[in-house]
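Residue strings, one per chain:
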Amino acid sequence: ALEEVIGEQAESVFAAVFDEGLLSVRLTAFARRYLESRLAPDMLAVERALISEGERSDLGERLRKRFIEPHWRRLAAVIDKEMQQGRLRRADPL
């Protein structure tokens, strides 16, 4: 259940940035979804559960690596592509 919630939220949040269109519009939609997701009651409950288990388990780290990290890497790839095409100045996307 915990994995489903995190996986669904990650897909929903990051979907906007992987669409076509202006990067500024996509990033704004992503930011809005990200904040809404992080502040949603079910995600706050997940966060609290992971914090409470933090000392006893590596569950938070495993979930981050499985569900969150791949999306941040894809986002970095989108930003890198924008830099390669000259729409953003060159910098390290991660």
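Quick note: structure is the one above.
Residues numbered from 1 in each chain as written. Predicted model: local features only at pLDDT ≥ 70, side-chain atom pairs only at ≥ 80, totals over all residues. Heavy atoms only, no water.

### Focus on helix α3 (residues 41-53)
Here α3 spans 18 Å end to end across 13 residues, near enough to the 18 Å set by a 1.5 Å rise per residue. Where α3 is concerned, the buried positions are Met 43, Val 46 and Leu 50. When α3 is viewed along its axis, its buried side chains cluster within an angular range of 55 degrees and face the same direction. Among the exposed residues of α3, those oriented more than 90 degrees off its buried face are Pro 41, Arg 48 and Ile 51. In this fold, the buried residues of α3 make contact with α1 (2-18), α2 (23-38) and α4 (59-84). (Helix = DSSP H or I, 4+ residues; strand = E, 2+ residues; numbered from the N terminus. Expected span 1.5 Å × (residues − 1). Buried < 20%, exposed > 50% of the residue type's maximum accessible area, 1.4 Å probe, protein only. Arc of directions from axis to C-beta. Contact = heavy atoms within 4.5 Å.)

### Side note on the layout of surface pockets
There is about 370 Å³ of room inside the largest pocket. Along the walls of the largest pocket sit 18 residues, with Ile 6, Arg 38, Met 43, Glu 47 and Ile 68 positioned nearest its centre. Listed by contribution, the elements that provide at least two residues to the lining of the largest pocket are α1, α2, α3 and α4. With 6 residues, α4 is the largest single contributor of residues to the lining of the largest pocket. Looking at the lining of the largest pocket residue by residue, the class counts come to 11 nonpolar, 3 polar and 4 charged. By volume, the second largest pocket is sized at about 150 Å³. Of all the secondary structure elements, the ones that give two or more residues to the lining of the second largest pocket are α1 and α4. Here the element with the most residues in the lining of the second largest pocket is α4; it accounts for 3 residues. When the residues that make up the lining of the second largest pocket are grouped by side-chain class, the tally is 3 nonpolar, 1 polar and 6 charged. (1 Å grid on protein atoms, 1.4 Å probe; cavity = no way out; pocket = protein on both sides within 12 Å on 5 of 7 lines; lining within 4 Å. Points joined across faces, edges and corners; volume = space filled by probe spheres on them. Nonpolar A, V, L, I, M, F, W, Y, C, P; charged D, E, K, R; others polar.)

Read these as spatial facts, not as claims about activity.
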